[in-house]
Amino acid sequence: NELSSISGYVEAMYQSIHTQEGLGNIKLYLNHNYQGSLNLSANFHTEADITPQSVYSESHLDTLGICIFIALAKKESNKDVILILDDVVMSVDERHLDRIIELIHNEAQHFAHILITTHYRPWRERYRNNRAPNKNIQFIELNGEVAIAPEVYHAIITYAKMGEDYAGLGLVEYLNQILAPAPAE
């Protein structure tokens, strides 16, 4: 089934973030007793086949969700999928954040475009201060335009396959530009 077919991708991505932490062996499967039910099992140090939601931290669950989401999108992509990650992490430490950024950079080749929006200051600061990979990156910082609270900064980090500079555009205009269909030849 679809879920078991991506379990290996999820496990590989999860291990790239949580190297040698005694976590993993992620398995995804449907519970046939309930419609639309996703079950997960994983290892937690010496315990095998546990439910990750019962013992994994919020950060570990967030990163597991990211890995599942990327694996599902990757399975459907013919390099034509636009992957949107909207505030996907809020509680990871800097070491894990660096690994998440590296994972996304490594997976970008499978997608037409990746858009990331974040309130998470450490993620934004990585790009603002050139401490993250910058190949094919457009970093756009918006002050208050789409913020929930006016004092919150949004950052949009896009993994672009084009060289145009969209600085100065508002979020809606920016998205219209990058998501517009190519003109007919």
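Just so you know, these numbers come straight off a predicted model, no measurement behind them.

**Regarding the overall build of the protein**
Then, number 1: A tally of regular secondary structure across the protein gives six helices and seven strands.
Then, number 2: Starting at the N terminus, the α and β elements of the protein follow one another as α-β-β-β-α-α-β-α-β-α-β-β-α.
Then, number 3: In the protein, buried positions account for 42% of the 185 residues.
Then, number 4: Long-range pairs, those at least 24 residues apart, make up 57% of the contacts in the protein between residues at least 6 apart in sequence.
Then, number 5: By element, 50% of the accessible surface of the protein is carried by carbon and sulfur atoms, the whole surface being about 10,400 Å².

**Regarding the pattern of salt bridges**
Then, number 1: In the structure shown here, the tally under the stated rule is six salt bridges.
Then, number 2: Between R126 and E94 there is a salt bridge, with its nearest N and O atoms 3.4 Å apart. Placement of the pair is R126 in helix α5 (residues 121–128) and E94 in helix α4 (residues 94–107), with a sequence separation of 32 residues.
Then, number 3: A residue is classified by how much of its surface remains accessible, and R126, at 3% relative accessible area, is buried.
Then, number 4: Under the relative-accessibility criterion, E94 is labelled partly exposed at 46%.
Then, number 5: Of the charged contacts, one joins R126 and D98 as a salt bridge, the two residues approaching to 2.6 Å between their closest N and O atoms. Pair noted here: R126 is in helix α5 and D98 is in helix α4, with a separation of 28 residues, a long-range link.

**Some details on unusual backbone geometry**
Then, number 1: Notably, D49 is not glycine yet its phi reads approximately 55 degrees, a positive angle.
Then, number 2: Mapped onto the fold, D49 is located in strand β3 (residues 47–50).

**With respect to α4**
Then, number 1: With 14 residues, α4 extends 20 Å from end C-alpha to end C-alpha; this agrees with the ideal 20 Å at 1.5 Å per step.
Then, number 2: Regarding α4, the residues found buried are H96, L97, I100, I101, L103, I104, H105 and E107.
Then, number 3: The residue sitting at the N-terminus of α4 and contributing the capping side-chain oxygen is D93; that oxygen lies 3.3 Å from the backbone nitrogen of R95.

**A look at the sheet that holds β3**
Sheets are built from strands paired through backbone hydrogen bonds, the pairs being either parallel or antiparallel.
Then, number 1: Across the sheet, three strands lie side by side as β1-β2-β3; this open sheet has antiparallel pairing. Edge strands, defined here as strands with exactly one partner in the open sheet, are β1 (23–30) and β3. If you compare each strand with its neighbour and ignore which way they point, the axes differ by 10 degrees on average.
Then, number 2: Sheet topology note: the β1/strand β2 (residues 38–44) ladder contains six bridges and is antiparallel. From the neighbouring strand, Y29 faces β2, where its bridge partner is N39.

**Here we look at the confidence of the model for the protein**
Then, number 1: Summing up the model confidence of the protein, the mean pLDDT is 77 and the portion of residues at 70 or higher is 74%.
Then, number 2: A low-confidence stretch, residues 144–155 (pLDDT under 50), is modelled with 31 contacts involving residues beyond four sequence positions or located in other chains.
Then, number 3: Across residues 159–164, where pLDDT falls below 50, the model places 22 contacts with residues more than four positions away in sequence or in other chains.

**Considering the packing of aromatic side chains**
Two aromatic rings, taken as a pair, are described by how far apart their centres are and by the angle between their planes.
Then, number 1: One pass over the full model with this rule turns up two aromatic pairs.
Then, number 2: Taking 6.1 Å as the distance between ring centres and 15 degrees as the angle between the ring planes, the aromatic pair formed by Y14 and Y56 counts as stacked. Taken together, the residues Y14 in helix α1 (residues 2–17) and Y56 in the loop between α2 (52–55) and α3 (58–76) connect sequence positions 42 residues apart. With respect to burial, Y14 and Y56 carry one shared label: buried.
Then, number 3: Ring centres of F44 and Y56 lie 6.1 Å apart, and the angle between their planes is 40 degrees; this geometry places the pair in the tilted category. Pair noted here: F44 is in strand β2 and Y56 is in the loop between α2 and α3, with a separation of 12 residues, a long-range link.
Then, number 4: Taken together, Y14, F44 and Y56 form an aromatic cluster joined through their ring pairs.
Then, number 5: When the ring centre of Y9 is taken as reference, the NZ or CZ atom of K74 above it lies at 4.7 Å.

Thresholds applied
Residues numbered from 1 in each chain as written. Predicted model: local features only at pLDDT ≥ 70, side-chain atom pairs only at ≥ 80, totals over all residues. Heavy atoms only, no water. Helix = DSSP H or I, 4+ residues; strand = E, 2+ residues; numbered from the N terminus. Buried < 20%, exposed > 50% of the residue type's maximum accessible area, 1.4 Å probe, protein only. Contact = heavy atoms within 4.5 Å. Areas by Shrake-Rupley, 256 points an atom, 1.4 Å probe, with all protein chains shown as cover. Salt bridge = Lys/Arg side-chain N within 4 Å of Asp/Glu carboxyl O. Expected span 1.5 Å × (residues − 1). Polar contact = N/O pair within 3.5 Å; in protein donor to acceptor, adjacent residues only side chain to side chain. Pairing = 2+ DSSP bridges. Axes fitted to C-alpha atoms, helices over the stretch in contact; angles between N-to-C directions. pLDDT = per-residue confidence, 0-100. Phe/Tyr/Trp six-rings, centres within 6.5 Å; stacked < 30°, edge-to-face > 60°. Lys NZ or Arg CZ within 6 Å of the ring centre and 35° of its normal.

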